[in-house]
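# Chains, contacts and geometry: an overview
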Amino acid sequence: MSAETVTERDSAAIVRGLWSALAQRDWDAVMPFLADDCIYVDMPYGPTLAARGPHDIVKRIKVGFEPLVAYTNHDGVLVADGDDVIYEHSERWEWGTGEVAVLPFVTVHRVVDGKVTLWKDYWDAATLINSAPPTWMDDLAKADTSWVFDATGLI
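Residues numbered from 1 in each chain as written. Predicted model: local features only at pLDDT ≥ 70, side-chain atom pairs only at ≥ 80, totals over all residues. Heavy atoms only, no water.

### Notes on the overall build of the protein
Regarding its fold elements, the protein presents 5 helices and 8 strands. Put simply, the protein runs from its N terminus to its C terminus through helices and strands in the order α-α-β-β-α-β-β-β-β-β-α-α-β. Projected onto its principal axes, the C-alpha positions of the protein cover 50 × 30 × 25 Å. Within the protein, the fraction of its 155 residues that count as buried is 40%. Within the protein, contacts between residues at least 6 apart in sequence are counted, and of these 57% link residues at least 24 apart. In the structure as shown, the protein presents an accessible area of about 7,900 Å², 53% of it carried by carbon and sulfur atoms. (Helix = DSSP H or I, 4+ residues; strand = E, 2+ residues; numbered from the N terminus. Buried < 20%, exposed > 50% of the residue type's maximum accessible area, 1.4 Å probe, protein only. Contact = heavy atoms within 4.5 Å. Areas by Shrake-Rupley, 256 points an atom, 1.4 Å probe, with all protein chains shown as cover.)

Structure (structure tokens):
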């Protein structure tokens, strides 16, 4: 018999739904999974470059995803413990100029009242930087940063 609770099953299903929508780059389908005050953080860049709220989180994610001609999320281990869900997976990023990056991730989510309230991505920034097109960093420097939220002390 499993010790898994209904809450853990629900939290896992919510996280899987979020990632299914994200893998399709269906931004309208991503937003309902996120709480109004959800915080998203790429941990290699830290809490000062976080995003907060569904609209700003989507704007943040688009900064990385919009230049891609293809994106694939490779499903992996997902473990739920009450409100906390840890998801080990990898992503394949492909640019129109031929570069490809395969990024191993561990993502930590907190799910409260059926919505993701915290989303932290742990990955190796050097893997992405070394695989991206030579103009990628310059392109990022020119990107919309209206989403920036300082989550210092909140995560």
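### Some points on the side chain of E91
Relative to the helices and strands, E91 is located in strand 5 (residues 84-95). Of the buried charged residues, E91 lacks a salt bridge, with R60 as the closest side chain of opposite charge at 9.8 Å. Side chain to side chain, E91 and Y71 meet in a polar contact 3.1 Å long. Among residues more than four places away in sequence, those in contact with E91 are W19, F65, Y71, T72, N73, A101, V102, L103 and F105. (Lys, Arg positive; Asp, Glu negative; His and termini not counted. Salt bridge = Lys/Arg side-chain N within 4 Å of Asp/Glu carboxyl O. Polar contact = N/O pair within 3.5 Å; in protein donor to acceptor, adjacent residues only side chain to side chain.)

### Comments concerning the packing of aromatic side chains
Working definition: an aromatic ring pair is given by the centre-to-centre distance plus the angle between the planes. Under the defined criterion, the tally for this structure stands at 9 aromatic pairs. Between the aromatic rings of F65 and W93, the centroid separation amounts to 5.4 Å while the plane-to-plane angle is 85°, which identifies the pairing as edge-to-face. With a gap of 28 residues between them, F65 in helix 3 (residues 54-65) and W93 in strand 5 connect regions that are remote in the sequence. Judged on exposure class, the residue F65 and its partner W93 are both buried. Cluster of aromatic residues (ring-pair linked, three or more members): W27, F65, Y71, W93 and W95. (Phe/Tyr/Trp six-rings, centres within 6.5 Å; stacked < 30°, edge-to-face > 60°.)

### Digging into unusual backbone geometry
Of note in this structure, R25 is not a glycine but carries a positive phi near 55°. Examined against the element boundaries, R25 turns out to sit in the loop between helix 1 (6-23) and helix 2 (27-30). Look at R25 and you get partly exposed, because its relative accessible area is 26%. Although it is not a glycine, D113 adopts a positive phi angle of roughly 55°. Note that D113 resides in the loop between strand 6 (100-112) and strand 7 (115-122).

### Observations regarding the pattern of salt bridges
Tallying each qualifying case throughout the model produces 5 salt bridges. A salt bridge links R16 to D75, with the shortest nitrogen-to-oxygen separation between them at 3.4 Å. Of this pair, R16 sits in helix 1 while D75 sits in the loop between strand 3 (68-74) and strand 4 (78-81), and the two are 59 residues apart along the sequence. Of the residues examined, R16 reaches a relative accessible area of 38% and is grouped as partly exposed. Residue D84 pairs with R110 through a salt bridge whose shortest N-O separation is 2.9 Å. Remark: R110 occurs in strand 6 and D84 occurs in strand 5; sequence separation between them is 26 residues. Overall, R110 belongs to the partly exposed group, its relative accessible area being 35%.

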